[in-house]
Amino acid sequence: MALTRREKKEKRINILSNIYAFLVYAVLYIPVAVMMAFSFNNQRYNYYWNGFTTQWYAKLFSNSALISSLWYSIIIAILSTIISVCIGTIGALGLKKYEFKGKKAINNMLYIPIIVPEIVLAVALLIIFMKVGLSLGMGSILIGHCTFCIPYAVVTIKGRISGDNDTLEEASMDLGANRIQTFLRVTLPTIFPGVMSAAFLSFTLSFDDVVMSNMLSGARQSTLPVLILSMNKSGITPDVNALTTIMVLVIVTAMILNSIIQRSLKKKKG
Amino acid sequence: MNSTGQAAMPKKKNLLPKLAMAGPVSLWMILFVTIPLLYIIVISFMSRGVFGDVAYKPTLESYQTILDPTYFQVILKSLKAAGITTLLCILIGYPFAYIIARKPKDVAAKMITLLMIPFWTNSLMRLNAWLLLFQTSGPVNNFLMHTGLVSKPISFIYTDSLVMVGLITNMLPFAVLPLYSTIEKLERSLLEASADLGANARTTFMKITLPITFPGIFSAIILVFIPSLGIYTVTDMLGGGKVLYIGNIIKNQFGSIRNWPLGAALSVLLILVTMLLIFIYTRFAKIEDMEVV
């Protein structure tokens, strides 16, 4: 059957738009591919390509500065996630459920760390910490990270609280459950997908953070991104590429698992 | 809200859970957002001590320094770079978001995930990859030399253009996501009605699509422009100390240079720019509707 002119035109537009989308994806994936490729570079510094090797993956764990900064980053990311998700979850519920004076101000305040450039908040926290005499280290980094993770957690979770929650909670309390039981058995399961997304988001935001960590870390130990930033001047060694390659694979696997879990949760529900 | 039901209860009984739930987040925001930001405004009006400390003598010195040509030029340069980044992110991102929004729901969801995956890679290492690709003896220069297109390697790195490439590739998703969510909500029937009434594709786009998706465009402007204005990692990684933006200047005031009031004043400038954009945004959309996640 001959295609009409309009159908032909639509087909052409469709092909062109797929090519366009492909090109955009290509530009976004090129740095990732290059980063991975140079983890196999047989040279001490990544100045040019010098043949294929897998030695950096083997030698990775003997680079103690790299490994200790990795653990430091992981611990900070886990702690920030726990703190942010706890405060974010009950905060989102509280801000949705209750009316109080200054609630609008708090709601607006939550958007500040999301919108204002991170350097501004980092500098502001640094000045305050110096003023009150808090020494820089894991504690200060944690406060910094939670300050931008909590708002994201609240916004993510608030979006998942539906109007049904109130009715369900009232029913639960009418049936004799106390507030804690109601929270654990009724409220939490209904907002659980939101809590999971918030946790995932908090972890990645904290783990990848440079600006806050760089400003608020002490002299002794730096997080992985801060270490990479400081290595940049002398040149980043291929073992960092190897580590980052492993990390991407782990995170993407976690993300796929997360989406599978979320899907099965949804199926179970409805 | 069930405020009527709650109000019937004795006030005392309601106070504890309210305090326990809304308390921590409110306290955190006041302690670690509001107070530090107010304090930084105070510091910006103080003078620099002899040893790089803060002397609590009120002065406008820092703000005068900002107007000094050396600093003012950096500010203009940053505004220009952030502006170009925003413009290009929207010009590249709008058609891209439009293409995704017109795909079936499941394909669109996959395409959005595909967009996010590169961002699970360490951002500094992604920036470093551009350096590896374009350095003097890197793949791009090798290719150009081999094919005989150039006789000497081109110095791409540590230039404004490469910084721009880094900025755009880092910021693009923040333009695509809000654009996608507004375009996705656009009713197809509106476009069909417009076409049926005789409007051509161009008129339909200008009269229907563009005005309806404008809140998405403005969200994209805010989410790209403001971070680009304050960023220093891209310039640090790709500018090699030769390209400086406001972010670098602020960072240096709290590092080697130690002029906290000046750093504070520049931060206040960034806060003012942010507030101005948000103010414009709230004229025609609710801040809660901005797609930030």
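### Side note on the overall build of chain A
Across its full length, chain A holds 11 helices and 0 strands. Here the C-alpha radius of gyration of chain A, 24 Å, is well above what a compact globule of 270 residues would show, namely 18 Å. Taken over the C-alpha atoms alone, chain A extends approximately 80 × 70 × 35 Å along its principal axes. Scored against the burial criterion, the 270 residues of chain A give a buried share of 40%. Restricting to contacts in chain A with at least 6 residues of sequence separation, those with at least 24 account for 76%.

### Considerations on the overall build of chain B
Scanning chain B from terminus to terminus reveals 14 helices and 2 strands. Here the C-alpha atoms of chain B give a radius of gyration of 24 Å, more than 25% beyond the 19 Å that 2.2 N^0.38 yields for 293 residues. Pairs at least 24 residues apart make up 69% of the contacts formed inside chain B by residues separated by at least 6 positions.

### A closer look at the nonpolar core
Counting residues in each nonpolar core, the largest one holds 136 residues, and the members touching the most others are A:A122, A:V123, A:L125 and B:A175. For this core, the leading source of residues is helix 8 (residues 160-185) of chain B, giving 14 residues. If sequence neighbours within four positions are ignored, B:A175 has contacts with B:C89, B:I90, B:G93, B:A220 and B:V224.

### Some thoughts on unusual backbone geometry
All names here are of chain B. For Y158, which is not a glycine, the phi torsion comes out positive at approximately 60°. Here Y158 is to be found in the loop between helix 7 (139-146) and helix 8. Residue classification places Y158 among the partly exposed residues on the basis of 17 C-beta atoms within 10 Å. Phi at R258 takes a positive value of approximately 55°, unusual for a residue other than glycine. Given 16 C-beta atoms within a 10 Å radius, R258 is considered partly exposed.

### A closer look at the interface of chain A and chain B
As a measure of interface size, the accessible area lost when the parts come together is often cited. Listed per partner, the contact involves 72 residues of chain A and 68 residues of chain B. In terms of residues, the side of chain A that touches chain B owes the most to one element, helix 1 (residues 5-37) of chain A, which gives 12 residues. Classifying every residue of the side of chain A that touches chain B by side-chain character gives 57 nonpolar, 10 polar and 5 charged.

### So, helix 4 (residues 69-101) of chain B
Each α-helix winds once per 3.6 residues, and so residues spaced three or four apart point in a common direction. Here helix 4 of chain B is 33 residues long and its end C-alpha atoms lie 46 Å apart, about the 48 Å a rise of 1.5 Å per residue gives. At B:G93, helix 4 of chain B shows its maximal kink, close to 30°; a proline, B:P95, follows between one and four residues later.

### Considering the environment of B:K80
Residue position: B:K80 is located in helix 4. On the basis of neighbour count, B:K80 is assigned to the exposed category, with 12 C-beta atoms found within 10 Å.

### A few points about the confidence of the model for chain B
All names here are of chain B. Per-chain confidence: chain B averages 85 in pLDDT, with 93% of residues scoring 70 or above. No element of chain B has a lower mean pLDDT than helix 1 (residues 3-8), at 45, and none a higher one than helix 4, at 93. In this model, residues 1-10 is a region of pLDDT below 50 whose contacts with residues beyond four sequence positions or in other chains number 5 contacts. Listed scores for the predicted complex are pTM 0.85 and ipTM 0.85.

### Regarding the environment of B:P24
Positionally, B:P24 belongs in helix 2 (residues 11-44). Setting aside chain neighbours within four positions, we find B:P24 in contact with A:I87, A:I90 and A:G91.

### What about the packing of helix 1 of chain A against helix 4 of chain B?
Helix-helix packing is described using two parameters, namely the angle between the two axes and the distance between the axes. Put simply, helix 1 of chain A and helix 4 of chain B touch, their axes get as near as 10 Å, and they point 120° apart. In terms of their interaxial angle, helix 1 of chain A and helix 4 of chain B are classed as oblique. Of the two possible hands of crossing, helix 1 of chain A and helix 4 of chain B adopt the one that is left-handed. Across the interface between the two elements, A:S17, A:Y20, A:A21 and A:V24 of helix 1 of chain A pack against B:I92, B:P95, B:F96 and B:I99 of helix 4 of chain B. A class-by-class count of the residues in the contact of helix 1 of chain A with helix 4 of chain B yields 7 nonpolar, 1 polar and no charged.

The rules we used
Residues numbered from 1 in each chain as written. Chains lettered and ligands numbered in written order. Predicted model: local features only at pLDDT ≥ 70, side-chain atom pairs only at ≥ 80, totals over all residues. Helix = DSSP H or I, 4+ residues; strand = E, 2+ residues; numbered from the N terminus. Rg over C-alpha atoms; globule rule 2.2 N^0.38 Å. Buried ≥ 20, exposed ≤ 12 C-beta atoms within 10 Å, placed from the backbone. Contact = placed C-beta atoms within 7 Å. Core = buried A, V, L, I, M, F, W, Y, C linked by C-beta atoms within 7 Å. Nonpolar A, V, L, I, M, F, W, Y, C, P; charged D, E, K, R; others polar. Expected span 1.5 Å × (residues − 1). Bend = angle between axes of the 7 residues up to and from the residue. pLDDT = per-residue confidence, 0-100. Axes fitted to C-alpha atoms, helices over the stretch in contact; angles between N-to-C directions. Parallel < 35°, antiparallel > 145°, perpendicular 65-115°, else oblique. Left-handed = near helix turned anticlockwise from the far one by under 90°.

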